[in-house]
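An overview of the molecular structure
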Amino acid sequence: MVKTWDQLEELQPAVLRMVKNSLVKNRVAHAYLFEGMKGTGKKEIGLLFTKALFCESLIDGYKPCETCHNCRRITSGNHPDVHIVEPDGLSIKVDQIRNLQAEFSKKGVESLKKVYLISGADKMSVSASNSLLKFLEEPSAETVAILLSEQPQQMLPTILSRCQILTFQPLPPQVMIKQLVENGVNPGKAPLLAELTNNIEEALQLNVDEWFAQAQKIVLKLYEVLEKNSLEAMVTLQQEWFQHFKEKEQLHRGLELFLLIFKDLLYIQLDKQEQIVFKADSERLTQYALKTSGRRLSNQMSAILDAKRKLEKNMNPQLMMEQLVLKLQEGSSFV
Ligand SMILES: [Zn+2]
(Lines give C-alpha, C1' and ligand atoms only; values in the text may rest on other atoms or scores of the structure.)
Protein backbone atom coordinates (compact mmCIF):
# COMPACT_ATOMS: atom_id res chain seq x y z
CA MET A 1 0.00 0.00 0.00
CA VAL A 2 1.28 3.44 -0.87
CA LYS A 3 1.97 5.65 2.10
CA THR A 4 0.92 9.28 1.93
CA TRP A 5 3.09 12.28 2.69
CA ASP A 6 1.55 12.60 6.15
CA GLN A 7 2.20 8.96 7.01
CA LEU A 8 5.80 9.16 5.87
CA GLU A 9 6.29 12.41 7.73
CA GLU A 10 5.49 10.52 10.90
CA LEU A 11 8.42 8.18 10.12
CA GLN A 12 11.01 10.68 8.91
CA PRO A 13 10.04 14.22 9.91
CA ALA A 14 13.50 15.75 9.37
CA VAL A 15 13.94 14.24 5.92
CA LEU A 16 10.52 15.38 4.75
CA ARG A 17 11.17 18.89 6.06
CA MET A 18 14.25 19.06 3.80
CA VAL A 19 12.37 17.62 0.84
CA LYS A 20 9.54 20.07 1.37
CA ASN A 21 11.95 23.02 1.55
CA SER A 22 13.69 22.13 -1.66
CA LEU A 23 10.33 21.78 -3.42
CA VAL A 24 8.75 24.93 -2.04
CA LYS A 25 11.86 27.05 -2.58
CA ASN A 26 12.40 25.47 -5.97
CA ARG A 27 15.91 24.38 -5.07
CA VAL A 28 15.93 20.75 -6.03
CA ALA A 29 19.50 19.36 -6.20
CA HIS A 30 20.81 17.23 -9.08
CA ALA A 31 21.65 14.31 -6.83
CA TYR A 32 20.54 13.06 -3.46
CA LEU A 33 21.79 10.26 -1.28
CA PHE A 34 19.21 8.80 1.08
CA GLU A 35 21.15 6.87 3.67
CA GLY A 36 19.86 4.87 6.61
CA MET A 37 18.97 1.41 7.83
CA LYS A 38 16.76 -1.01 5.96
CA GLY A 39 13.09 -0.38 6.62
CA THR A 40 13.41 3.35 7.33
CA GLY A 41 11.37 4.42 4.28
CA LYS A 42 14.14 5.47 1.85
CA LYS A 43 12.51 4.06 -1.25
CA GLU A 44 9.01 5.17 -0.32
CA ILE A 45 10.19 8.71 0.29
CA GLY A 46 12.27 8.59 -2.91
CA LEU A 47 9.11 7.75 -4.85
CA LEU A 48 7.11 10.36 -2.98
CA PHE A 49 9.70 12.98 -3.87
CA THR A 50 9.64 11.83 -7.49
CA LYS A 51 5.87 12.16 -7.58
CA ALA A 52 6.16 15.67 -6.15
CA LEU A 53 8.47 16.54 -9.08
CA PHE A 54 5.97 15.29 -11.68
CA CYS A 55 2.58 15.83 -10.00
CA GLU A 56 0.06 17.84 -12.02
CA SER A 57 -1.78 19.19 -8.98
CA LEU A 58 0.54 19.49 -6.01
CA ILE A 59 -1.15 20.14 -2.69
CA ASP A 60 0.26 23.20 -0.89
CA GLY A 61 3.08 23.32 -3.42
CA TYR A 62 4.85 20.17 -2.22
CA LYS A 63 2.56 17.21 -1.49
CA PRO A 64 1.86 14.97 -4.48
CA CYS A 65 -1.86 14.50 -5.05
CA GLU A 66 -1.53 10.69 -5.58
CA THR A 67 -4.45 10.78 -8.01
CA CYS A 68 -3.25 12.55 -11.18
CA HIS A 69 -2.01 10.62 -14.21
CA ASN A 70 1.66 11.17 -13.32
CA CYS A 71 1.32 10.23 -9.66
CA ARG A 72 -0.54 7.06 -10.55
CA ARG A 73 1.97 6.04 -13.19
CA ILE A 74 4.86 6.50 -10.77
CA THR A 75 3.05 4.40 -8.15
CA SER A 76 2.55 1.62 -10.66
CA GLY A 77 6.11 1.89 -12.01
CA ASN A 78 5.00 2.99 -15.48
CA HIS A 79 6.21 6.54 -15.88
CA PRO A 80 8.44 6.85 -18.98
CA ASP A 81 10.66 9.50 -17.41
CA VAL A 82 11.22 7.76 -14.09
CA HIS A 83 13.81 4.97 -13.93
CA ILE A 84 14.53 2.69 -11.03
CA VAL A 85 17.72 0.63 -10.85
CA GLU A 86 17.91 -2.27 -8.40
CA PRO A 87 20.86 -4.61 -7.80
CA ASP A 88 20.92 -7.44 -10.33
CA GLY A 89 21.76 -10.29 -7.98
CA LEU A 90 24.40 -9.11 -5.53
CA SER A 91 25.57 -6.04 -7.39
CA ILE A 92 24.61 -3.23 -9.74
CA LYS A 93 26.46 -3.89 -12.96
CA VAL A 94 28.00 -1.40 -15.31
CA ASP A 95 25.52 -2.25 -18.07
CA GLN A 96 22.66 -1.19 -15.84
CA ILE A 97 24.21 2.26 -15.45
CA ARG A 98 25.05 2.40 -19.17
CA ASN A 99 21.44 1.63 -20.05
CA LEU A 100 20.37 4.40 -17.74
CA GLN A 101 22.74 6.83 -19.44
CA ALA A 102 21.50 5.80 -22.87
CA GLU A 103 17.96 6.37 -21.70
CA PHE A 104 18.86 9.76 -20.31
CA SER A 105 20.67 10.92 -23.42
CA LYS A 106 17.21 11.06 -25.02
CA LYS A 107 15.04 13.99 -24.09
CA GLY A 108 12.36 13.39 -21.51
CA VAL A 109 9.56 11.56 -23.26
CA GLU A 110 6.85 13.87 -22.01
CA SER A 111 8.73 16.81 -20.57
CA LEU A 112 12.39 17.67 -20.13
CA LYS A 113 12.34 16.25 -16.65
CA LYS A 114 13.82 12.87 -15.74
CA VAL A 115 14.39 11.16 -12.43
CA TYR A 116 16.38 8.04 -11.67
CA LEU A 117 16.46 6.17 -8.42
CA ILE A 118 19.26 3.72 -7.62
CA SER A 119 18.37 1.33 -4.84
CA GLY A 120 21.32 -0.31 -3.03
CA ALA A 121 23.71 2.26 -4.51
CA ASP A 122 26.57 0.87 -2.37
CA LYS A 123 26.29 -2.36 -4.37
CA MET A 124 27.51 -0.78 -7.59
CA SER A 125 30.51 -2.54 -9.08
CA VAL A 126 33.66 -0.43 -9.49
CA SER A 127 32.96 0.13 -13.16
CA ALA A 128 29.30 0.93 -12.48
CA SER A 129 30.43 3.48 -9.88
CA ASN A 130 32.85 5.10 -12.30
CA SER A 131 30.22 5.18 -14.97
CA LEU A 132 27.72 6.80 -12.61
CA LEU A 133 30.33 9.30 -11.51
CA LYS A 134 30.77 10.53 -15.08
CA PHE A 135 27.04 10.79 -15.36
CA LEU A 136 26.81 12.86 -12.17
CA GLU A 137 29.60 15.13 -13.38
CA GLU A 138 27.56 16.22 -16.39
CA PRO A 139 24.15 16.85 -14.94
CA SER A 140 21.49 18.05 -17.29
CA ALA A 141 19.32 20.79 -15.91
CA GLU A 142 16.22 18.74 -15.37
CA THR A 143 17.69 15.44 -14.20
CA VAL A 144 17.43 14.35 -10.59
CA ALA A 145 19.29 11.34 -9.18
CA ILE A 146 18.19 9.71 -5.94
CA LEU A 147 20.63 7.13 -4.57
CA LEU A 148 19.55 4.88 -1.72
CA SER A 149 22.06 3.19 0.55
CA GLU A 150 22.35 1.36 3.83
CA GLN A 151 26.14 1.54 3.71
CA PRO A 152 27.27 4.82 2.16
CA GLN A 153 30.79 4.24 3.54
CA GLN A 154 31.12 1.61 0.79
CA MET A 155 30.54 4.20 -1.92
CA LEU A 156 33.08 6.30 -3.80
CA PRO A 157 33.76 9.54 -1.92
CA THR A 158 33.64 11.34 -5.26
CA ILE A 159 30.04 10.18 -5.69
CA LEU A 160 29.09 11.13 -2.15
CA SER A 161 30.54 14.60 -2.58
CA ARG A 162 28.19 15.22 -5.51
CA CYS A 163 25.09 14.32 -3.55
CA GLN A 164 23.01 16.15 -1.05
CA ILE A 165 22.91 13.62 1.80
CA LEU A 166 19.74 12.99 3.76
CA THR A 167 20.06 10.73 6.79
CA PHE A 168 17.12 8.51 7.66
CA GLN A 169 16.67 7.93 11.38
CA PRO A 170 15.88 4.50 12.83
CA LEU A 171 12.16 4.15 13.44
CA PRO A 172 10.88 5.15 16.87
CA PRO A 173 9.60 2.04 18.75
CA GLN A 174 5.98 3.24 18.67
CA VAL A 175 6.05 3.59 14.89
CA MET A 176 7.75 0.24 14.53
CA ILE A 177 5.12 -1.43 16.74
CA LYS A 178 2.33 0.10 14.69
CA GLN A 179 3.89 -1.15 11.46
CA LEU A 180 4.39 -4.64 12.86
CA VAL A 181 0.77 -4.84 13.94
CA GLU A 182 -0.30 -3.63 10.49
CA ASN A 183 1.76 -6.52 9.11
CA GLY A 184 -0.16 -9.03 11.15
CA VAL A 185 2.01 -9.33 14.28
CA ASN A 186 0.11 -9.98 17.50
CA PRO A 187 -0.03 -6.63 19.40
CA GLY A 188 1.20 -8.45 22.51
CA LYS A 189 4.36 -9.57 20.72
CA ALA A 190 5.18 -6.46 18.71
CA PRO A 191 6.83 -4.43 21.54
CA LEU A 192 9.46 -7.11 22.20
CA LEU A 193 10.34 -7.36 18.50
CA ALA A 194 10.54 -3.57 18.19
CA GLU A 195 12.90 -3.52 21.15
CA LEU A 196 15.26 -6.01 19.53
CA THR A 197 15.48 -4.71 15.99
CA ASN A 198 14.77 -1.65 13.93
CA ASN A 199 14.39 -3.62 10.79
CA ILE A 200 10.81 -4.51 10.01
CA GLU A 201 11.72 -7.53 7.87
CA GLU A 202 13.99 -8.94 10.55
CA ALA A 203 11.24 -8.41 13.14
CA LEU A 204 8.72 -10.23 10.94
CA GLN A 205 11.15 -13.12 10.58
CA LEU A 206 11.77 -13.30 14.32
CA ASN A 207 8.03 -13.31 14.84
CA VAL A 208 7.70 -16.68 13.13
CA ASP A 209 11.06 -18.09 14.21
CA GLU A 210 10.70 -21.13 16.44
CA TRP A 211 14.20 -20.82 17.84
CA PHE A 212 13.31 -17.31 18.98
CA ALA A 213 10.02 -18.40 20.55
CA GLN A 214 11.84 -21.13 22.46
CA ALA A 215 14.59 -18.69 23.45
CA GLN A 216 12.04 -16.48 25.19
CA LYS A 217 10.72 -19.43 27.19
CA ILE A 218 14.18 -20.50 28.31
CA VAL A 219 15.17 -17.00 29.32
CA LEU A 220 12.02 -16.59 31.41
CA LYS A 221 12.55 -19.99 32.96
CA LEU A 222 16.12 -19.14 33.90
CA TYR A 223 14.89 -15.97 35.58
CA GLU A 224 12.26 -17.86 37.55
CA VAL A 225 14.55 -20.64 38.78
CA LEU A 226 17.15 -18.05 39.64
CA GLU A 227 14.75 -16.46 42.04
CA LYS A 228 13.74 -19.78 43.52
CA ASN A 229 16.69 -22.06 43.82
CA SER A 230 20.37 -21.54 43.12
CA LEU A 231 21.11 -25.19 42.42
CA GLU A 232 18.26 -25.51 40.01
CA ALA A 233 19.52 -22.45 38.13
CA MET A 234 22.80 -24.22 37.36
CA VAL A 235 20.89 -27.27 36.16
CA THR A 236 18.72 -25.14 33.86
CA LEU A 237 21.85 -23.53 32.55
CA GLN A 238 23.38 -26.89 31.62
CA GLN A 239 20.28 -28.69 30.44
CA GLU A 240 18.45 -25.93 28.61
CA TRP A 241 20.39 -22.71 28.18
CA PHE A 242 23.55 -24.14 26.63
CA GLN A 243 21.55 -26.56 24.51
CA HIS A 244 19.75 -23.65 22.91
CA PHE A 245 22.20 -20.75 22.91
CA LYS A 246 25.17 -22.34 21.19
CA GLU A 247 26.68 -19.74 18.90
CA LYS A 248 28.03 -16.43 20.12
CA GLU A 249 25.29 -14.50 18.29
CA GLN A 250 22.66 -16.68 19.92
CA LEU A 251 24.17 -16.06 23.33
CA HIS A 252 24.06 -12.35 22.72
CA ARG A 253 20.41 -12.62 21.76
CA GLY A 254 19.75 -14.65 24.91
CA LEU A 255 21.42 -12.03 27.09
CA GLU A 256 19.47 -9.26 25.36
CA LEU A 257 16.21 -11.04 26.12
CA PHE A 258 17.36 -11.66 29.66
CA LEU A 259 18.14 -7.97 30.10
CA LEU A 260 14.68 -7.04 28.87
CA ILE A 261 13.09 -9.12 31.63
CA PHE A 262 14.88 -7.03 34.24
CA LYS A 263 13.93 -3.85 32.42
CA ASP A 264 10.30 -4.97 32.50
CA LEU A 265 10.50 -5.65 36.23
CA LEU A 266 11.85 -2.16 36.72
CA TYR A 267 9.04 -0.66 34.63
CA ILE A 268 6.48 -2.53 36.71
CA GLN A 269 8.03 -1.16 39.88
CA LEU A 270 7.90 2.33 38.41
CA ASP A 271 4.25 1.78 37.52
CA LYS A 272 4.96 2.02 33.79
CA GLN A 273 3.27 -1.22 32.76
CA GLU A 274 2.58 0.16 29.28
CA GLN A 275 6.35 0.07 28.61
CA ILE A 276 6.90 -3.61 29.27
CA VAL A 277 7.75 -5.89 26.36
CA PHE A 278 6.99 -9.35 27.76
CA LYS A 279 3.28 -8.51 27.61
CA ALA A 280 2.06 -12.11 27.75
CA ASP A 281 3.97 -12.71 30.98
CA SER A 282 3.09 -9.46 32.70
CA GLU A 283 1.16 -11.11 35.53
CA ARG A 284 4.00 -13.44 36.45
CA LEU A 285 6.50 -10.63 36.19
CA THR A 286 4.38 -8.41 38.42
CA GLN A 287 4.58 -11.04 41.17
CA TYR A 288 8.37 -11.01 40.94
CA ALA A 289 8.61 -7.25 40.74
CA LEU A 290 6.84 -6.99 44.08
CA LYS A 291 9.43 -9.20 45.76
CA THR A 292 12.58 -7.39 44.70
CA SER A 293 14.07 -3.91 44.95
CA GLY A 294 14.89 -1.38 42.26
CA ARG A 295 18.49 -1.29 43.43
CA ARG A 296 18.84 -5.04 43.09
CA LEU A 297 17.32 -4.91 39.60
CA SER A 298 19.77 -2.29 38.44
CA ASN A 299 22.69 -4.26 39.84
CA GLN A 300 21.43 -7.29 37.98
CA MET A 301 21.13 -5.31 34.75
CA SER A 302 24.72 -4.10 35.05
CA ALA A 303 25.81 -7.71 35.62
CA ILE A 304 24.14 -8.76 32.35
CA LEU A 305 25.72 -5.89 30.43
CA ASP A 306 29.04 -6.86 31.93
CA ALA A 307 28.50 -10.47 30.80
CA LYS A 308 27.78 -9.23 27.26
CA ARG A 309 31.08 -7.37 27.27
CA LYS A 310 32.93 -10.48 28.48
CA LEU A 311 31.32 -12.51 25.73
CA GLU A 312 32.43 -9.90 23.23
CA LYS A 313 35.99 -10.32 24.51
CA ASN A 314 35.70 -14.07 23.89
CA MET A 315 35.43 -15.22 27.47
CA ASN A 316 34.45 -18.87 27.75
CA PRO A 317 30.62 -18.81 27.57
CA GLN A 318 30.23 -21.54 30.18
CA LEU A 319 32.28 -19.61 32.71
CA MET A 320 30.67 -16.31 31.78
CA MET A 321 27.14 -17.65 32.34
CA GLU A 322 28.00 -19.41 35.60
CA GLN A 323 29.52 -16.23 36.98
CA LEU A 324 26.49 -14.30 35.82
CA VAL A 325 24.04 -16.66 37.50
CA LEU A 326 25.92 -16.38 40.80
CA LYS A 327 26.04 -12.62 40.50
CA LEU A 328 22.33 -12.39 39.71
CA GLN A 329 21.48 -14.40 42.82
CA GLU A 330 23.19 -11.93 45.12
CA GLY A 331 20.66 -10.35 47.43
CA SER A 332 18.08 -13.06 46.80
CA SER A 333 16.33 -14.34 49.91
CA PHE A 334 17.15 -17.89 48.88
CA VAL A 335 20.93 -17.56 48.89
ZN1 LIG B 1 -0.36 14.12 -8.67
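We now turn to the structure provided with this report. (Residues numbered from 1 in each chain as written. Predicted model: local features only at pLDDT ≥ 70, side-chain atom pairs only at ≥ 80, totals over all residues. Heavy atoms only, no water.)

**Section: unusual backbone geometry**
Stated formally: Each helix is a run of DSSP H or I of at least 4 residues and each strand a run of E of at least 2, with the numbering of both proceeding from the N terminus. Note on classification: 1.4 Å probe, protein chains only; a residue is buried when its accessible area is under 20% of the maximum for its type, exposed when over 50%, partly exposed between these limits.
Its identity is not glycine, yet Asn26 carries a phi of approximately 55°, on the positive side. Along the polypeptide, Asn26 turns up in the loop between α2 (13–24) and β1 (31–35). A relative accessible area of 67% places Asn26 in the exposed class. Positive phi is not limited to glycine here, since Glu66 has a value of about 70°.

**Quick word on the layout of surface pockets**
Applied cut-off: Definitions used for this entry: grid spacing 1 Å over protein atoms alone; cavity, a set of points where a 1.4 Å probe fits but cannot get out; pocket, an open set with protein on both sides within 12 Å along at least 5 of 7 lines; lining residue, one with an atom within 4 Å of a point. Grid points are joined across faces, edges and corners, and a volume is the space filled by probe spheres set on the points. For this classification, Asp, Glu, Lys and Arg are treated as charged, while Ala, Val, Leu, Ile, Met, Phe, Trp, Tyr, Cys and Pro are nonpolar and the rest, including Gly, are polar.
Its boundaries defined by the atoms lining it, the largest pocket holds a volume of some 470 Å³. As for the largest pocket, its lining consists of 20 residues, and the residues nearest its centre are Lys38, Gly39, Lys42, Lys43 and Glu201. The biggest single contributor to the lining of the largest pocket is helix α3 (residues 42–54), with four residues. Here the lining of the largest pocket is built from residues that sort into four nonpolar, seven polar and nine charged. Counted as a void, the second largest pocket has a volume near 360 Å³.

**Concerning the sheet that holds strand β4 (residues 143–149)**
Applied cut-off: Paired strands, as defined in this entry, are two strands with at least two bridges between them according to DSSP. For helices, the fitted line uses only the C-alpha atoms of the stretch in contact; every axis is such a line through C-alpha atoms, and the angle between N-to-C directions lies from 0 to 180 degrees. Note on definitions: a residue-residue contact is assigned when non-hydrogen atoms from the two residues lie within 4.5 Å.
Sheet architecture is open: five strands sit in the order β2-β3-β4-β1-β5, paired in parallel fashion. Of all the strands in the sheet, the pair left with one neighbour each is β2 (82–85) and β5 (164–167). Sheet twist, expressed as the average angle between the axes of neighbouring strands with direction ignored, equals 15°. As paired elements, strand β3 (residues 114–118) and β4 share five bridges and run parallel to each other. Bridge assignment links Val115 to a residue of β4, and that residue is Val144. Packing against the sheet, α2 makes contact with β1 and β5, and its axis sits at approximately 145° to β5. Along the sheet, α3 contacts β1, β2, β3 and β4; its crossing angle with β3, the most-contacted strand, is approximately 180°.

**A short note on the nonpolar core**
Note the threshold: Throughout, nonpolar core names a set of buried Ala, Val, Leu, Ile, Met, Phe, Trp, Tyr and Cys residues whose side chains join them through atoms within 4.5 Å.
Ranked by internal contacts, the top residues of the largest apolar core, which has 82 residues, are Trp241 and Phe258. If one sorts the elements of this core by residue count, helix α13 (residues 248–269) sits on top with ten residues. Once residues within four sequence positions are removed from consideration, Trp241 is found in contact with Ile218, Val219, Leu222, Thr236, Leu251, Gly254, Leu255 and Met321. Val85, Leu100, Phe135 and Leu160 belong to the second largest nonpolar core, which has 23 residues in total.

**Some words on the packing of helix α5 (residues 94–105) against helix α6 (residues 126–137)**
Relative placement of two packed helices is described by the angle separating their axes and the distance separating the axes. Note the cut-off: Roughly parallel means an angle under 35 degrees; roughly antiparallel means over 145; roughly perpendicular covers 65 to 115; every other angle is labelled oblique. Throughout, a crossing is termed right-handed when the near helix is turned clockwise from the far one, and left-handed when it is turned anticlockwise from it by less than a right angle.
Where α5 meets α6, the closest approach of the two axes is 7 Å, and the angle between their N-to-C directions is 20°. Between α5 and α6, the angle falls in the class roughly parallel. Crossing angle aside, the handedness with which α5 passes α6 is left-handed. Touching Val94, Ile97, Arg98, Leu100, Gln101 and Phe104 of α5 are Ser127, Ala128, Ser131, Leu132 and Phe135, all from α6. For the contact of α5 with α6, the per-class residue count stands at seven nonpolar, three polar and one charged.

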